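# Residue-level structure breakdown
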Amino acid sequence: MDLITKLKDKKRKENCEEIIAWVGNDCKRFDDLLEILLTHEETMVVQYSAWPLSYCVQAHPSLIQKKLDRIVPILKEKNILDTVCRNVLRLLQFIEIPEEFEGDILEPCMRFIESPTAAIAIKAFAINIVSKLAIKYPDLIPEINLLLTSQIQGAKPGFISSAKRAQRLFKKIQA
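Residues numbered from 1 in each chain as written. Predicted model: local features only at pLDDT ≥ 70, side-chain atom pairs only at ≥ 80, totals over all residues. Heavy atoms only, no water.

Turning next to the layout of surface pockets. When its volume is computed, the largest pocket comes out at roughly 160 Å³. Lining the largest pocket are Leu-37, Leu-38, Val-46, Ile-74, Glu-77, Asn-79, Ile-80, Leu-81 and Val-84. For the lining of the largest pocket, the per-class residue count stands at seven nonpolar, one polar and one charged. (1 Å grid on protein atoms, 1.4 Å probe; cavity = no way out; pocket = protein on both sides within 12 Å on 5 of 7 lines; lining within 4 Å. Points joined across faces, edges and corners; volume = space filled by probe spheres on them. Nonpolar A, V, L, I, M, F, W, Y, C, P; charged D, E, K, R; others polar.)

Before going further, it helps to spend a moment on the pattern of salt bridges. Scanning the entire structure with this criterion turns up nine salt bridges. A salt bridge links Lys-28 to Asp-32, with the nearest nitrogen and oxygen atoms 2.7 Å apart. With Lys-28 and Asp-32 both in helix H3 (residues 27–39) and four residues apart, the pair spans about one turn of that helix. Look at Lys-28 and you get exposed, because its relative accessible area is 55%. Exposure remark for Asp-32: the relative accessible area of 28% places this residue in the partly exposed category. Close ionic contact of Glu-107 with Arg-111 constitutes a salt bridge, the shortest N to O distance being 3.1 Å. Of this pair, Glu-107 and Arg-111 both sit in helix H8 (residues 99–114), four residues apart, which is roughly one turn of the helix. Given the relative accessible area of 38%, Glu-107 is considered partly exposed. (Salt bridge = Lys/Arg side-chain N within 4 Å of Asp/Glu carboxyl O. Helix = DSSP H or I, 4+ residues; strand = E, 2+ residues; numbered from the N terminus. Buried < 20%, exposed > 50% of the residue type's maximum accessible area, 1.4 Å probe, protein only.)

Below, the discussion takes up the packing of H8 against helix H10 (residues 141–152). Their axes nearest at 10 Å, the elements H8 and H10 cross at an angle of 20°. Classified by the angle their axes make, H8 and H10 are roughly parallel. Relative to H10, H8 is oriented so that their crossing is left-handed. The segment H8 lies against H10, with Met-110, Ile-113 and Glu-114 engaging Glu-143, Ile-144, Leu-147, Leu-148 and Gln-151. Here the contact of H8 with H10 is composed, by residue class, of five nonpolar, one polar and two charged. (Axes fitted to C-alpha atoms, helices over the stretch in contact; angles between N-to-C directions. Parallel < 35°, antiparallel > 145°, perpendicular 65-115°, else oblique. Left-handed = near helix turned anticlockwise from the far one by under 90°. Contact = heavy atoms within 4.5 Å.)

Here the focus is empty space enclosed by the protein. If you roll a probe as big as a water molecule over the atoms, it shows you where there is empty space left. This model, assessed by the stated rule, comprises one cavity of 30 Å³ or more. Here the largest cavity defines a volume of roughly 70 Å³. Taken together, Lys-6, Leu-7, Asp-9, Arg-12, Asn-15, Cys-16, Ile-19, Tyr-48, Trp-51 and Pro-52 form the lining of the largest cavity. Broken down by secondary-structure element, the contributors of at least two residues to the lining of the largest cavity are helix H1 (3–8), helix H2 (12–23) and helix H4 (43–59). Along the lines of polarity and charge, the residues of the lining of the largest cavity split into six nonpolar, one polar and three charged.

As structure tokens, then:
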């Protein structure tokens, strides 16, 4: 399959599904898609590669485990594209985050939650990720809870829903 041509085609959803099926659980094919996300010069192609990549990880979380050292730094980029950020965060929800990457993921997630300009999906995925980390490290709960509480006032329904779900989880953990 010519991934670049497929990603440039106008049938986005259909092509996304074809790419996901083509990659399957194949590490080499997954690496080809990841390489496009990380190195391609055309912004549009990079954006369109992120979507099937996240669904491939959802279906086969092991595909990304040995590649986290390449994908986690994306979260710290100053001018990260919303599409890329959203899908990187989305895929991180489906994996067990290795201890060595927890801090490098937690810090940008907290920043995204706090950002007045971050898209709701980015904030929601970030909340899901920090909630997973809070299960492992309950000492984080007060700080995360304070951040969520400070952001709920005037927030959009998607953020409020994610924040309240996290807060209910925190109550269970602390009970």
